[in-house]
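The lines below spell out each chain.
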Amino acid sequence: MNGWRELIRIENVTKRFGSTVAADHITLSIGEGEFFALLGPSGCGKTTLLRMLAGFETPDSGCIFLDGKDLTAVRPWKRPVNMMFQSYALFPHMNVYDNIAYGLRQEGLPAAEIDRRVRNALELIGLPDLAKRKPGSLSGGQKQRVALARAIVKQPRVLLLDEPLAALDRKLRVEMRLELKRLQSEVGIAFVFVTHDQEEALTMADRAAVMKDGRIMQVGTPEELYTRPANLYVAQFIGEANVIGGRLECIESEWLLRQDTHLFRVSGAEVRRHGLMQGSLAAIVVRPERMFIASASSVAERKDYNGLSARVIEIAYLGSAYNFVVQTDEGRRFFVQVQGAEGSPSYRVGDVVMVGWGVEQGILVPMDEFGNTNPPEGIANKLR
Amino acid sequence: MVSPILLLGPALTWLVIFLVFPLALIFVYSFLQRSPFGQIVFQPSLDNYLRLFNPTVLRVFLNSLRIAFIVTLLALLLGYPTAYFISSQPSRWKNTLLVLVILPFWTSYLIRTYAWIVLLNREGVLSRFLLGLGLIREPISFLYNDTAIVIGLLYGYLPFMVLPLYSSIERLSPELREASFDLGAPPLRTFWHITLPLTLRGIVTGAIFVFVPSLGNFFVPELLGGGQRFMIGNMINNQFLQARNWPYGSAMAFGVMAIVLALLFFQAWVTRRTEQV
Ligand SMILES: Nc1ncnc2c1ncn2[C@@H]1O[C@H](COP(=O)(O)OP(=O)(O)OP(=O)(O)O)[C@@H](O)[C@H]1O
Ligand SMILES: [Mg+2]
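Rules behind the numbers
Residues numbered from 1 in each chain as written. Chains lettered and ligands numbered in written order. Predicted model: local features only at pLDDT ≥ 70, side-chain atom pairs only at ≥ 80, totals over all residues. Heavy atoms only, no water. Helix = DSSP H or I, 4+ residues; strand = E, 2+ residues; numbered from the N terminus. Buried < 20%, exposed > 50% of the residue type's maximum accessible area, 1.4 Å probe, protein only. Areas by Shrake-Rupley, 256 points an atom, 1.4 Å probe, with all protein chains shown as cover. Near = heavy atom within 4 Å. Polar contact = N/O pair within 3.5 Å; in protein donor to acceptor, adjacent residues only side chain to side chain. pLDDT = per-residue confidence, 0-100. Contact = heavy atoms within 4.5 Å. Buried area = accessible area lost by both parts, 1.4 Å probe. Salt bridge = Lys/Arg side-chain N within 4 Å of Asp/Glu carboxyl O. Nonpolar A, V, L, I, M, F, W, Y, C, P; charged D, E, K, R; others polar. Domains from an automatic or database assignment.

Draft legend 1. Inspection of the overall build of chain B at higher detail. Across its full length, chain B holds 14 helices and two strands. Seen through its C-alpha atoms, chain B measures out along the principal axes to roughly 75 × 70 × 40 Å. The burial tally for chain B puts 40% of its 277 residues in the buried class. Carbon and sulfur atoms form 72% of the exposed surface of chain B, whose accessible area is close to 15900 Å².

This is the structure we're talking about:
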C-alpha cells in the first residue's frame, strides 16, 4: 500500500475475564483509511479488542495509541472513534433522523449544520425517505444502514464494526459487502471490521488479523494470508487446505518432507521463508484448486511435481467446478477442485487416478506440536 | 372439550362476589340519603357528590393528594438509584437484593407502622440519637404530623416503586447506553436522553403503585398522624364507622376512584406512547 501511515497502535495489550484470556499480548498497527478485518472463530476475543478500542473495556496491561496519543485512559465519549454495534443498538424511542443526529447534537453543532449532515448521511445510505420512521418499523438491512449512518456522521478517525453483516440474509450480506466497501472508500475513514467469516474478510479487507484464543496468529493482506500463511492454523482457517505433516529432510540439495514412509518434494523457497532446517517439523498445505487430477497412466514422474496414485471416493458438481475427494492406498485423503470444462467427469467414483501438485504450489508451514491432520477435518463436509 | 372461558370461572365468580357486587352497592348508596339514625333512605339525588366540594372535604382531598404526591416523588428519588444499583450487580446478587427489597412484606404493614411509632416518639430511637449527638436539648416527638405520615407511607410502599423500575431498567440493553457514550454523550446526558425515557413506563407504573395506595391509606395517618392529621382514607373510614353516613362515604370513595381512574388512563396513554418502541 502506498502512503500507509499508522493511525492506531495496539501495544502488548492483555485483557482477562476471570480465567479467560480474551486478549493475550496483542500488538497491532492499523493504518489511516485502512479497511482492517479482525478474523477468528467465536470466542477468540474479537469483540473484546474492538471494545477496548471504543473504550468500553480497559486493558489489564498494554496501551492503545491513536495518532501517537495514548488512548488508554480516555473515556468512550471523548474518543474520536465510533462503533457500529452487532445488535445495531438504535435508540428505539427516537426516529431515524434523531438517531443519526444524536451524536452531532452532543457536539453542540449549530442546528443547520446538523440538519445538513444528517440529510447527507441519509442520502449516503440511500434512505432519505425514512427520516421520520422509528427503528422498530425498519427491516434488518435498513437498521443496519441507519446504524452505519449514525456512526459515520460523526466523521470519526476510526469506525469500529462488530459483525455488521452477521444478522442479514445471505443475498443482502453479499450486496452490503460491496456497499460497505464503497462507503469506506468514499468517506476515507479507517474501518476496523470484526467477522468470523473468512470470505467476508478476504473480499473486503485491505489487511486482516487472524486471531485465536486472544492471540494474533498472523496479520497480512488477504493474498498473503492465503498464499503465505505463517502457520497451520491460518492455512486452515483461510480457505480449504490439504495438509501433509512430517519432518523435513534435505537430500542432495533437494528439500523433502517425510510422512511415514513417503517423501514429498517441497519448495526450497518455502523452507527458507520460514527459516526451517533439516529435521524440522512442518506441514505442506495445498489448496484444492492447486491440485491436479489425471488418468492413472498419464503423468510421468517429474522433479517438479508430487504425484500419488489414488482412488476417487466422492465427486461433487458445483456448477463452475468439480470437487473430488480421493484416497490413496495408505489412507491419505485429498480434496481436489477442478475448474469448469477441464473437470469434465471422465472419472467416476472408484476410478484409480493420479493426483498431485506442482512443488511450487505446495505451501510450507512450520509446526511444533503435530497431530495427524490429514485429512483435515471437515473437508468431506465442505464438499456438499 | 372444556371451553377455555370456563377456566376463568372461579376467578370471575370471585371478582363478581367480592369486587363488582360491593362496588355496585356502594355506587347505588352514593346517590341515596342517610336517615337521622344512620339508616339508608331511598331518595336518589346528587347531594352527596355536591357535598364533596365543601371546603373542609376539599382541603382533606388536596392534602391527601399532596402527601401521596410527595411520597411518590420521594419513592421515585430513592427507588430509581436502588433499582439501578440492583440491576447493575452480577446476576447472582440480584435475586438476593430483590428478596431484601420485598422482605418487609413478610410482616404485616400495620405492625411495621407500630414499629415506626417506637422509632419516632419522644422516647424513641431517633430522638435519643439526636440527643446523644447534642443536636437537640430535650426529647422531641417526630410523630403526629405530615412528615411522620410521609415517612410511614414511603417506607411501606417503596418496594412497589423499586420492583417495576427494576424490571424496566433490567430490560434496557446495556448496548444502548454504550452507543450513547460512543456517540459522545457523557453518563449524565446518557441517563437523561436514553435511560430515563426508556424506563418511563417503569416510572409511571411504579408511581401509580405508590400513589394509589398512599392516597387511600387510612391506618398510617391514623397511627402516625395520631388522628390530628387527616387523609381521605380516614374520612371515608369515619363516614362508614363513626358518622354512619354510608351514602356520603360512598360518594367520597367514588371521588377517590375517579382520581385513580384518571391516573390509570394517563398510564395507558404513556404506555401506548412508548409502545412503538
Ligand atoms: N464481560 C465479560 N465477562 C466475562 N467473560 C467475557 C466477557 N466478555 C467476553 N468474555 C469472554 O472473553 C472471550 C472473548 O470474547 P469475545 O466476545 O471478545 O469473543 P468474539 O471473538 O467476539 O466471539 P464472537 O464471534 O462469538 O462474538 C470469550 O471467552 C468470552 O466468554
Ligand atoms: Mg463478538
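The structure having been displayed, the exposition proceeds.
Draft legend 2. Here's a closer look at the site of ligand 1. All names here are of chain A. All residues in the neighbourhood of ligand 1 are listed as Phe17, Thr20, Ala22, Pro41, Ser42, Gly43, Cys44, Gly45, Lys46, Thr47, Thr48 and Glu163. In the environment of ligand 1, an oxygen atom lies 2.7 Å from a nitrogen or oxygen atom belonging to the backbone of Gly43. The contact in question runs from an oxygen atom of ligand 1 to an N or O atom on the side chain of Thr48, over 2.5 Å. Computed on the free molecule, ligand 1 has an accessible area of 630 Å², of which 60% lies beneath the protein chains in the complex. Elements with a minimum of two residues in the shell around ligand 1: β2 (20-31) and α1 (46-54). With three residues, the top contributor of residues to the shell around ligand 1 is α1.

Draft legend 3. Local environment of the confidence of the model for chain A. Of the residues in chain A, 93% have a pLDDT of 70 or more, and the chain-wide mean is 87. The spread of mean pLDDT over the elements of chain A runs between helix α10 (residues 379-382) of chain A, the lowest at 36, and helix α2 (residues 96-106) of chain A, the highest at 95.

Draft legend 4. Molecular detail of helix α10 (residues 187-198) of chain B. For α10(B), the set of buried residues is Thr190(B), Ile194(B), Thr195(B), Leu196(B) and Leu198(B). Against α2 of chain A together with α4 (55-87), α9 (174-182) and α11 (200-216) of chain B lie the buried residues of α10(B).

Draft legend 5. How the structure looks around the interface of chain B and chain A. Across the contact, 20 residues belong to chain B and 22 residues belong to chain A. In this assembly, chain B packs against chain A so that about 2000 Å² is buried in total across both faces, 61% of it on carbon and sulfur atoms. Scanning the region where chain B abuts chain A turns up one salt bridge. In this structure, Arg51(A) engages Glu178(B) in a salt bridge whose closest nitrogen and oxygen atoms are separated by 2.8 Å. Taken together, the connections running from chain B to chain A amount to eight residue pairs in polar contact (both at pLDDT 80 or more). Mapped onto the side of chain B that touches chain A, the elements with two or more residues apiece are α9 and α10 of chain B. In terms of residue class, the side of chain B that touches chain A is made up of eleven nonpolar, five polar and four charged.

Draft legend 6. Inspection of the domain arrangement of chain A at higher detail. Taken domain by domain, chain A comprises domain 1 (6-227) and domain 2 (241-382). Of note, the centres of domain 1 of chain A and domain 2 of chain A, computed from C-alpha atoms alone, are 39 Å apart.

Draft legend 7. Seen up close, the side chain of Ser180(B). Residues and elements named next belong to chain B. For Ser180, the position within the fold is in helix α9. Look at Ser180 and you get buried, because its relative accessible area is 0%. There is a polar contact of 2.8 Å between the side chain of Ser180 and the side chain of Thr190.

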